[in-house]
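Analysis of the macromolecular model
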Amino acid sequence: MTRLIGAAAVASGLLAAPIAASAEDIVIGHSQPNLGWPYIAAVTNALEAAAADMDGVEVVTLSADGDIAKQSSDINSLVNRGVDVLLVTSLDGNAVIPALKKAHDAGIPILAVSNEPAEPGQALLAGYSGPDDYVQGAIAAELLNDSLGGKGGIAIIEGSPGQSTTLLRTQGLKDRLAELKSGITILGAQTADWNPVKAKDVAQAFLTAYGDDMVGVFAQDDNTGAAAAEVFKAAGRGDIKVVGTGGTIDGLKAIRDGLMYGTMDQSPTTDAKQALKFAIMLANGESLPEKRNIIPMPKITAENVGDFKGEW
């Protein structure tokens, strides 16, 4: 899928100061892993909304539709087009590296957005903008440790295999549980590919495999967490503490309804606006504030869920 988007300066919040394009038009290449995924769609929609009124900037968004080979081809197409800056959200943190190298060798600044490529690709980036997936995993560990009193077995409903988002959230969870000297043990993990329908099947498989030994679940996405929590409730296991990620509409409702214990906010609007701001800075030859620029990710539980509206 190809979209042509006009970019916009945002005069509030993260983009309080107007951003001026250069005298010549700026073309921003935007490679997304799958516009069918709720968060990716929300980021792209927010980028479009933020980009609607700005003259002199064109954003070309390509969706890989969940196909690793297509994302590499998409990036190569954007490079061949001669975009001024490249925004990339990786489907697979390792598989994307050869395409990133082609962009880097062509002198195109690369901004990783929402997730980061694997370690060998870090040197190819001008910077990163988005959430810290490792920290999100650590926050999930804290929420589960608090809700379970530091003991019991948990399972993980993961995102897409090989994606840095998935790997880092799992590692952050494990490392933080170890730092807390928690008695929580990880019984197993299974991918749902960010799909709530698949998450229901995973939840049922967990109930069958682990039974009463499973008292908690880390779902790497609120929408999959909410779907799993419904399965647990229907099976008479509403006692299972489910922690998600994202602060989604479904996730917040599940917390209000007592189905999920907690999550952490990940605003697609903030993610998109910051990425757009930094893309224009890079196209204009400016340096970013930091190599890694992390958006806020506050914890959400029943105590403060009323402070959040949910964006996706």
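Our subject in this report is the structure included herewith. Owing to the predicted nature of the structure, the values given are computational and were not obtained by experimental measurement.

Here's the deal with the nonpolar core
- By size, the foremost hydrophobic cluster in this structure holds 27 residues, and its most contacted members are Ile157, Met214, Val217, Phe232, Ile240, Val242 and Met260.
- Elements with a minimum of two residues in this core: strand E7 (151–158), helix H6 (196–210), strand E9 (214–219), helix H7 (222–234) and helix H8 (249–256).
- With 6 residues, H7 is the single largest residue contributor to this core.
- Once residues lying within four places of it in the same chain are set aside, the contact partners of isoleucine 157 are Gln190, Ala192, Ala199, Val202, Phe206, Val217, Phe218, Ala219, Gln220, Thr224 and Ala228.

Some details on the packing of helix H4 (residues 133–148) against helix H5 (residues 164–179)
- Direction vectors running N to C along H4 and H5 enclose 45°, while the axes themselves pass 6 Å from each other. Considering their axes alone, H4 and H5 lie oblique with respect to each other. Of the two possible hands of crossing, H4 and H5 adopt the one that is right-handed. Here Asp133, Tyr134, Gln136, Gly137, Ala138, Ala140, Ala141, Glu142 and Leu144 of H4 come into contact with H5, specifically with Thr165, Leu168, Arg169, Gln171, Gly172, Leu173, Asp175, Arg176 and Leu177.
- For the contact of H4 with H5, a count of residues per class yields 8 nonpolar, 5 polar and 5 charged.

Examining the pairing of strand E2 (residues 26–32)
- With 7 of its 7 residues buried, E2 lies for the most part within the structure.
- Burial of the side chains of E2 extends over both faces: Ile26, Ile28, His30 and Gln32 are buried on one face and Val27, Gly29 and Ser31 on the other.
- Sheet analysis places E2 next to strand E3 (residues 57–63), joined by 7 bridges and oriented parallel. Paired with histidine 30 across the bridge in E3 is threonine 61.
- The pairing of E2 with strand E4 (residues 85–88) spans 4 bridges and is parallel. Pairing of isoleucine 28 across the sheet is with valine 85, part of E4.

Topic: the pattern of salt bridges
- Evaluated as defined, the whole model comprises 14 salt bridges.
- Put simply, aspartate 74 and lysine 70 hold a salt bridge, and the shortest N to O gap is 3.2 Å. Of this pair, aspartate 74 and lysine 70 both sit in helix H2 (residues 68–81), 4 residues apart, which is roughly one turn of the helix.
- For aspartate 74, a relative accessible area of 7% corresponds to the buried category.

Side note on the environment of isoleucine 249
- Along the polypeptide, isoleucine 249 turns up in helix H8.
- Ignoring any residue separated from it by four or fewer positions in sequence, one finds isoleucine 249 in contact with Lys309, Gly310, Glu311 and Trp312.

Re helix H9 (residues 268–283)
- Over its 16 residues, H9 runs 22 Å from end to end, which matches the ideal 22 Å to within 8%, given 1.5 Å per residue.
- Buried residues in H9 make contact with E2, helix H1 (38–50), E4, strand E5 (110–113), strand E6 (127–130) and strand E12 (292–294).
- In the stretch just after H9, glycine 285 is the one whose phi turns positive, near 80°.

Reading the values: rules and limits
Residues numbered from 1 in each chain as written. Predicted model: local features only at pLDDT ≥ 70, side-chain atom pairs only at ≥ 80, totals over all residues. Heavy atoms only, no water. Core = buried A, V, L, I, M, F, W, Y, C linked by side-chain atoms within 4.5 Å. Buried < 20%, exposed > 50% of the residue type's maximum accessible area, 1.4 Å probe, protein only. Helix = DSSP H or I, 4+ residues; strand = E, 2+ residues; numbered from the N terminus. Contact = heavy atoms within 4.5 Å. Axes fitted to C-alpha atoms, helices over the stretch in contact; angles between N-to-C directions. Parallel < 35°, antiparallel > 145°, perpendicular 65-115°, else oblique. Left-handed = near helix turned anticlockwise from the far one by under 90°. Nonpolar A, V, L, I, M, F, W, Y, C, P; charged D, E, K, R; others polar. Pairing = 2+ DSSP bridges. Salt bridge = Lys/Arg side-chain N within 4 Å of Asp/Glu carboxyl O. Expected span 1.5 Å × (residues − 1).

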